[in-house]
Amino acid sequence: MLIEKAEVLVASPGRNFVTLRITTSDGVTGLGDATLNGRELAVAAYLREHVVPLLIGRDAQRIEDTWQYLYRGAYWRRGPVTMASIAAVDTALWDIKAKVAGLPLYQLLGGRSREGLLVYGHASGAELPELFDSIREHLEEGYRAIRIQTGIPGLPSVYGVASSANAATGSAEGTDERYDYEPARRNAVPVEETWDTRAYLRHIPGVFEAVRNEFGPELPLLHDAHHRLTPIQAAKLGKSLEPYDLFWLEDVTPAENQDALRLVRQHTTTPLAIGEVFNTIWDYKTLIEDQLIDYVRSPVTHAGGITGLKRIFDYASVYQIKSGVHGPTDVSPVGLAAAIHLGLAIPNFGIQEYMRHAPATHDVFHTTYSFEGGLLNASEEPGLGVSYDDEAAAARPYEAAYLPVNRLLDGSMHDW
Ligand SMILES: O=C(O)[C@@H](O)[C@H](O)[C@H](O)CO
Ligand SMILES: [Mg+2]
């Protein structure tokens, strides 16, 4: 069974997505997600110019060999563009292998280890009353774990807060104005936001105290610090949130320097999650071996596909570190479906982020996974269980969109 065709599909149903569709000589098709938020066309070009020509005529069943061929064969290793491209090929080949076997993909990964994936949703509000409404709405929809983000006094808009993101121009179409957070704006250049770490550190513990007082001690709560803190600031935040028993504190500090997490770890028992911008097992090496984190955040889409991410999870499992897969709307339904199949099978599943795609996205990506009682689940359809609607995609061409950038009050560039 040879690879006969590989198409790079770029469309913007609600937001931009890059999808790879591989077709075999027997006419079986497989899908892979290659979406890299704000840098989509770089991945599309990498695939079109340098990967697709190498795929034609290869044995579609040789997934690991193809992975190694594209990883080692590029000579230039790692990086988000390369690894998203490899991820798309890898995912599409797993989709094909499972379709040929007539089985849902999770069966090929070892079979079901659980009834479904516990997910967390994104509650947010500029102020507490709006946040509480958002939490209640999520609870009514069945969510059993919730991420909390709020506005910060003195800052006009803050990441993770739906109402403030949508107050700027160009919010994603089809999203709920109040509660659905979509940070990539359809602008020719990124929107600029302002940040004040001291104001943030003063404000956040009171938010969690208020949420615990209102919703009680049981509900698992998460929070994302979005790479904005120094190690000692992160340590302080972790300590100050200990009374509120977080499920995790995410991306407290940029982790190009993995050792930075050691200092945070020494100061707090608040569980730590990191890795949504990582792309290989090497980015986690120190974090995993020295047990500096509790959850691995990489998605299938950005960490070399099912093959790449499963290798990271297996390594993490040796150290009792669990999965906490990134699931924003810029991971396409193909990438989410891949995460669901992998999450059903692995022994060290932790939690899955689930932001819900806009209705427009589902016009192009027809999915069969379900969300019921707070759990995501794969269908029994062979493969990933996702199909791509070319006609709907053609009506929604790519439109430049970028994540915001961030400056401190004095105008210095900061991490967004
Ligand atoms: O944990 C999350 O879902 C966020 O960090 C988003 O991935 C980020 O804002 C880019 O969309
Ligand atoms: Mg995050």
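Model, not experiment: these values are computed from the prediction.

**Student:** Describe the site of ligand 1, naming the residues involved and giving the relevant values.
**Tutor:** In the vicinity of ligand 1 there are 15 residues, among which His226, Glu250, Glu276, His326 and Glu353 approach most closely. At 2.7 Å from an oxygen atom of ligand 1 is found a side-chain nitrogen or oxygen belonging to Glu276. Within the contact set of ligand 1, an oxygen atom lies 2.5 Å away from a side-chain nitrogen or oxygen of His326. When ligand 1 sits alone it has 300 Å² of accessible area, and the protein chains cover 96% of it. Of the residues assigned to the shell around ligand 1, the class counts are four nonpolar, four polar and seven charged.

**Student:** So what's going on with the environment of Asp33? Residues and values would help.
**Tutor:** Within the secondary structure, Asp33 sits in strand β3 (residues 29-33). Separated by 52 residues in sequence, Asp33 and Ser85 place their C-alpha atoms 8.4 Å apart. Setting aside anything within four residues of it in sequence, one finds Asp33 in contact with Val18, Ala84, Ala87, Ala88, Thr301, Val331, Ser332, Val334 and Gly335. In terms of polar contacts, Asp33 uses its side chain to reach the side chain of Thr301, at 2.8 Å. Among the polar contacts listed, one links the side chain of Asp33 to the backbone nitrogen of Ser332, at a separation of 2.9 Å.

**Student:** Hey, could you go over the pairing of strand β5 (residues 146-150) for me, with residue numbers and the actual values?
**Tutor:** Buried residues dominate β5, accounting for five of its five residues. Pairing geometry for strand β4 (residues 117-125) and β5, over five bridges, is parallel. Note that in β5 the partner of Gly125 across the bridge is Thr150. In this fold, β4 hands off to helix α5 (residues 128-140), which returns the chain to β5; that crossover is right-handed. Pairing of β5 with strand β7 (residues 221-224) involves two bridges; the strand directions are parallel. Opposite Arg147, over in β7, you have Leu222 as the bridge partner.

**Student:** Summarise the coordination of the magnesium ion (ligand 2); cite the residues concerned and give the values.
**Tutor:** At 2.0 to 2.2 Å from the magnesium ion (ligand 2) lie its protein donor atoms, namely Asp224 (OD), Glu250 (OE) and Glu276 (OE). The class of Glu276 is buried, set by a relative accessible area of 12%.

**Student:** Tell me about the sheet that holds strand β2 (residues 17-24), residues and numbers included.
**Tutor:** The strand order across the open sheet built from three strands is β1-β2-β3, with neighbouring strands paired in antiparallel fashion. Lying at the two open borders of the sheet, with one neighbouring strand each, are β1 (3-11) and β3. Between one strand and the next, the sheet's axes are offset by a mean angle of 20 degrees, whatever the strand orientation. Relative to β3, β2 is paired through five bridges, and the arrangement is antiparallel. Its bridge partner lying in β3, Leu20 is registered against Gly32. Relative to β3, helix α3 (residues 80-101) is tilted by about 150 degrees, and along the sheet it contacts β1, β2 and β3.

**Student:** Can you tell me about the sheet that holds strand β18 (residues 413-414), naming the residues and giving the values?
**Tutor:** By way of backbone hydrogen bonds, the strands of a sheet pair with one another, either parallel or antiparallel. With mixed pairing, the three strands of this open sheet are ordered in space as β6-β17-β18. In this open sheet, the two edge strands, each paired with only one partner strand, are β6 (192-195) and β18. Two strands pair when backbone bridges link them, and strand β17 (residues 405-408) and β18 are joined in this way by two bridges, in the antiparallel orientation. Bridge assignment links Asn406 to a residue of β18, and that residue is His414.

**Student:** Account for the packing of α5 against helix α7 (residues 197-215), with residues named and values stated.
**Tutor:** Relative to each other, α5 and α7 sit at 50 degrees, their axes nearing to 11 Å. Viewed along their axes, α5 and α7 adopt a mutual orientation that is oblique. Seen from above, α5 lies across α7 with right-handed handedness. Facing α5, whose interface residues are Leu128, Leu131, Phe132, Ile135, Arg136 and Leu139, α7 presents Val207, Ala210, Val211, Glu214 and Phe215. For the contact of α5 with α7, the per-class residue count stands at nine nonpolar, no polar and two charged.

**Student:** I'd like to hear about the packing of aromatic side chains, residue by residue, with values.
**Tutor:** If you walk through the whole model with that rule in mind, you get 16 aromatic pairs. Their ring planes at 90 degrees and their centres at 5.5 Å tell us that Phe132 and Phe215 sit as a pair that is edge-to-face. You can see Phe132 sitting in helix α5 and its partner Phe215 sitting in helix α7, a full 83 residues away along the chain. What links up through ring pairs into an aromatic cluster is the set Tyr120, Phe247, Trp248 and Tyr295.

**Student:** Any chance you could break down unusual backbone geometry for me, citing the residues and the numbers?
**Tutor:** In this structure, Tyr75 is a non-glycine residue whose phi angle is positive, near 70 degrees. For Tyr75, the location among the structural elements is in the loop between α2 (63-73) and α3. Residue classification places Tyr75 among the exposed residues on the basis of a relative accessible area of 62%. Not every positive phi belongs to a glycine, and His226 is a case in point at roughly 50 degrees. Relative to the elements of secondary structure, His226 occurs in the loop between β7 and α8 (231-241). The buried category is assigned to His226, whose relative accessible area is 8%.

Cut-off values and rules
Residues numbered from 1 in each chain as written. Chains lettered and ligands numbered in written order. Predicted model: local features only at pLDDT ≥ 70, side-chain atom pairs only at ≥ 80, totals over all residues. Heavy atoms only, no water. Near = heavy atom within 4 Å. Polar contact = N/O pair within 3.5 Å; in protein donor to acceptor, adjacent residues only side chain to side chain. Areas by Shrake-Rupley, 256 points an atom, 1.4 Å probe, with all protein chains shown as cover. Nonpolar A, V, L, I, M, F, W, Y, C, P; charged D, E, K, R; others polar. Helix = DSSP H or I, 4+ residues; strand = E, 2+ residues; numbered from the N terminus. Contact = heavy atoms within 4.5 Å. Buried < 20%, exposed > 50% of the residue type's maximum accessible area, 1.4 Å probe, protein only. Pairing = 2+ DSSP bridges. Right-handed = clockwise from strand over helix to strand, strands pointing away. Donors = N, O, S within 2.8 Å, 3.2 Å for Na, K, Ca; no water. Axes fitted to C-alpha atoms, helices over the stretch in contact; angles between N-to-C directions. Parallel < 35°, antiparallel > 145°, perpendicular 65-115°, else oblique. Left-handed = near helix turned anticlockwise from the far one by under 90°. Phe/Tyr/Trp six-rings, centres within 6.5 Å; stacked < 30°, edge-to-face > 60°.

In short, shape yes, function no, at least from these values alone.
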